[in-house]
Amino acid sequence: MTDSGRTASETAVEGSIADPGSRADSAAEDPSSRTPEGSPPSTETDKSESSAAAPESDAKTTEDSSTPAAAAEDAAPKNAAQDAAPDVTSDKPAPDATADKADEPIAGQDEPEPADDGPPTPAELKPEPAPVAEPEPAATEPDPVVAAKPEAAPAKKAPPPPNDYTPKTRAGRLLARIDQAAGGYAADLALYGVSAIFALITALSSTLLPHRAWGSIAAWAYADAFLLALLQLLGFRLLRDRYEATTRLWRLVRLLVGNGARATLTWLTWAGAALLPLVVQAVQRADGRTDRAQEEVLVVERMGERLLNDGTPYLSRDAIAALPADERLMGYSPYQPGMSVFGLPRALAGDAWWTDARIWFALFTALVLITAVLLLRPRGTKPNETTGRSFATVRAIQAVTIVPVCALTLATGGDDIPVLALCILALTFAATNRYGWAGLAVGAAAACKLFALPAVAVLAVLALAMARGGKLLPGALGLPILVLIPPFQVDQDAFLENVIRFPLGHGLVTSPAQSPFPGYLIAQNVPGGRFVALGLLLAVAALITVRIIWSPPRTASTAASICGWGLLAAILLMPTTRFGYVLYPIAFLVWAAALHPALRNHTATSSPSDDTALYRL
C-alpha cells in the first residue's frame, strides 16, 4: 500500500474513533480484516490469520460479511453511510463483488475497496483488540464432556418423614426417637421377636389348653413376621441413599418398604397370629373338642340363646342357685345385653364352626378397624400414597391387632376386642368432627360392656367442650339405655345380679378374674382390703373427673390419653381384674398419637394438609 493510501485509511479510522457520531463515515475500511501489508483478505489463509488476531466473535462476523448474501443484506446500510459523509474512496467506483473475490491481490494497488466487505461493526472499528468476552453458556459453546452426558432427570420428591408429629414433652420425644429408630423397623423387629418368644412360652407352659393351642400356631406367624421385617429393614437401608433409583429392581424393593408395606405386614401377621388360630379352634370345637374355647365364648353364646327364647340374656339369682355348684359360674352373664347379639348366630343356626361367637367377634373387629384406619387418611390422599398411612397409624394398628395380649384374647375369648374397636372408632369419628357417629360407636360399645363407660364420659366432656354435645350425647347415652328395656321388662333383678353384684364380688360365686395387680393383692392381704381397694379406685376416679371438668379435653388425642391412663389406674386398683384388660390402656395410649394427623387434616382451611406449621396442637 502507498503512503497516501495508508494515510487516508488511518485518518478515517481515527476520525471515527474520535467522533462516535461519524463512525458511519469511516465504514469503508476495515483495519482488523487486513494483513500487515494492507492487502484485503481474499484467501482462506488470510481469513484464518485475521481470525487469530481478533476475538472469535469478531472473526465470525468478518467471515459472514464477506459472503455475497451478507453483502446483499448490508447494501442498504452501506449506501446510507456513504451518503451521510464524504469518504476518501467515494470518488472511485465500487468493483464487482464476484470479481474482487476471484482476482489475486495486487501488492501495489492504492486504496483497494472490496464491495463485499459491507459496513464494519463497531467492534471492528476499535484500534485495540476487543476485551476478552465472558465464557459463553454451555448451550452456545457446549463442552464435549458435558454434552456427552445425558440430561439430568428432575429430582424426585423425597420420601415423607415417618411421622410429622413431634411430642411436646421430653419423655415423649425420647420415646418417639426410640420408636422411629431405623425407620421404625427396629421397634417392629423387637415387637415381632418378643411376641414370638411369648407365643412359644405360652405353647409350652400355659395351663389353659386354648392358650397352648394358640401359641403353637402364633409362634410361627410371629417368627415369619420377624424375618419379613428384617428384610424390610435391609431394603430400607439400601434405599436410604438410592431413593431416586428407577430400575425395576429398585422399584420392587421400594414397594417392600415404607409405612404401607409395614401396615400390610401388620395385617398379615394379625391373620396368622389371631385369625388362623381362631378358625382352627372353631373348627376343632365344631368337631367335638371341648377344650378349644374359653368360658367367655360359651357365656356369650348362651346369652344369645336366652335372649332369643326368654327375652332376656340373664338368669335370676334363684335360677343360678338352682344350678349345680360347678355350673353356677357359667350361669352368670356379666355383660351388657348388647353382647348377646354375637351369640345369636349359634342360637339360630346351631353348632358350626362359622357360628362360633369368636368368628363374629373377628369379622366385626376387622370391619371397625378398617373403617377407623380409612378415616385417619388425609383428605385428597389416594389409597396407594404413603402419606395415607402415617407412622403413628401403623403403630396404632399393631397395638390393637398383633400385640400378643390382643391376638390371644381374640383367638381364645374375644369379647373385649370388639368393645375396644368400637371405642377406637368413636375417638376417630370425634377426631374427624363426626360427633354424631362417635356417639353411636361409643354407645354401642357401652351397650356391650360396662368397661366402655369411661370412654363415654370422656367423649361426652370433649363434645360439650367443643359445643357438639347435642350430636354425641343421644347416641352415647341412648343406646346403652335402649338395650336395657327388654331385660328390665322381663326381670330387672336378674340384670342387677349379673352385671352389678357379681363383678363387685357379691354374687353366689366369686369371679375368676384374679390377676395379681395391686387392687387384688390389697383385697386379699389387707384387713378390709376390698373396701380399701374400692376407696382408692373411687379416689382416682374423682381425681380424673375433677381434671377433665377443670381442664376439659379439646382434641380426640387428649381424650384418648385420658381414657388410657384412667383405665390403667382402674385395672390396677380393681379388687377383681384380669391381665387381659391391659389391652384397653395400651390401645388408647398408642392410638392417641395416630389421631393427630386426622385433626390437622380436617380443618376449615385450604392450606396444604401436610403443612405442619399450621396444624400444631
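Calculation criteria
Residues numbered from 1 in each chain as written. Predicted model: local features only at pLDDT ≥ 70, side-chain atom pairs only at ≥ 80, totals over all residues. Heavy atoms only, no water. pLDDT = per-residue confidence, 0-100. Helix = DSSP H or I, 4+ residues; strand = E, 2+ residues; numbered from the N terminus. Contact = heavy atoms within 4.5 Å. Axes fitted to C-alpha atoms, helices over the stretch in contact; angles between N-to-C directions. Parallel < 35°, antiparallel > 145°, perpendicular 65-115°, else oblique. Left-handed = near helix turned anticlockwise from the far one by under 90°. Nonpolar A, V, L, I, M, F, W, Y, C, P; charged D, E, K, R; others polar. Phe/Tyr/Trp six-rings, centres within 6.5 Å; stacked < 30°, edge-to-face > 60°. Lys NZ or Arg CZ within 6 Å of the ring centre and 35° of its normal. Expected span 1.5 Å × (residues − 1). Buried < 20%, exposed > 50% of the residue type's maximum accessible area, 1.4 Å probe, protein only. Polar contact = N/O pair within 3.5 Å; in protein donor to acceptor, adjacent residues only side chain to side chain. Salt bridge = Lys/Arg side-chain N within 4 Å of Asp/Glu carboxyl O.

*Asks:* I'd like to hear about the confidence of the model for the protein, residue by residue, with values.
*Replies:* Averaged over every residue, the pLDDT of the protein is 75; the share at 70 or more is 65%. Confidence scores differ between elements of the protein, with helix 2 (residues 44-53) showing the lowest mean pLDDT of 42 and helix 21 (residues 435-448) the highest of 96. This model gives residues 1-116 a pLDDT under 50, and the stretch forms 104 contacts once residues within four places in sequence are excluded. Contacts from residues 137-164, a stretch scored under 50 in pLDDT, to residues over four places away or in other chains number 22 contacts.

*Asks:* So, the packing of helix 21 against helix 22 (residues 453-465): which residues are in play, and what are the values?
*Replies:* Where helix 21 contacts helix 22, the two axes come as close as 9 Å, and the packing angle between them is 160 degrees. Between helix 21 and helix 22, the angle falls in the class roughly antiparallel. Viewed along their axes, helix 21 and helix 22 form a crossing whose handedness is left-handed. Seen from helix 21, the contacting residues are Tyr435, Val442 and Ala446; seen from helix 22, they are Leu453, Ala455, Val456, Leu459, Leu462 and Ala463. The class makeup of the residues in the contact of helix 21 with helix 22 is nine nonpolar, no polar and no charged.

*Asks:* If you had to explain the packing of aromatic side chains to someone new, which residues and values would you point to?
*Replies:* Under the defined criterion, the tally for this structure stands at eleven aromatic pairs. Here the aromatic rings of Trp267 and Trp270 are separated by 6.0 Å at their centres, their planes lie at 70 degrees, and the arrangement is edge-to-face. Taken as a pair, Trp267 and Trp270 lie in helix 12 (residues 259-286) at a separation of three residues, close to a single helical turn. An aromatic cluster of three or more residues is present, and its members are Tyr314, Phe488 and Phe495. Looking at Arg262, its charged tip hangs above the ring of Tyr185, at a distance of 5.9 Å from the centre.

*Asks:* Could you give an account of helix 22, naming the residues involved and the relevant values?
*Replies:* Under the 1.5 Å per step criterion, the end-to-end length of helix 22 is 19 Å for 13 residues, consistent within 8% with the ideal 18 Å. What helix 22 keeps buried is the set Ala455, Val456, Val458, Leu459, Ala460, Val461, Leu462 and Ala463. In this structure, the buried residues of helix 22 make contact with helix 20 (416-431), helix 21, helix 23 (469-482), helix 27 (529-550) and helix 28 (556-573). With its phi angle positive at about 60 degrees, Ala467 sits one or two positions after the end of helix 22.

*Asks:* Explain helix 17 (residues 357-376) to me, using residue names and the numbers behind them.
*Replies:* The end-to-end C-alpha distance of helix 17, which contains 20 residues, comes to 29 Å, matching closely the 28 Å that a straight helix rising 1.5 Å per residue would cover. A side-chain oxygen of the first residue of helix 17 lies 2.9 Å from the backbone nitrogen of Arg358; this N-cap is Asp356.

*Asks:* Explain the pattern of salt bridges to me, using residue names and the numbers behind them.
*Replies:* In total, this model carries 15 salt bridges according to the counting rule given. In this structure, Arg289 and Asp291 form a salt bridge, with 3.1 Å as the shortest nitrogen-oxygen distance. Residues Asp416 and Lys449 are paired through a salt bridge, measuring 2.4 Å at the closest nitrogen-oxygen approach. Of this pair, Asp416 sits in helix 20 while Lys449 is found in the loop between helix 21 and helix 22, placing the two residues 33 residues apart along the sequence. The same class applies to Asp416 as to Lys449, namely buried. Several salt bridges share partner residues, and in doing so they unite Arg285, Glu301, Arg346, Asp351, Asp356 and Arg358 into one network.

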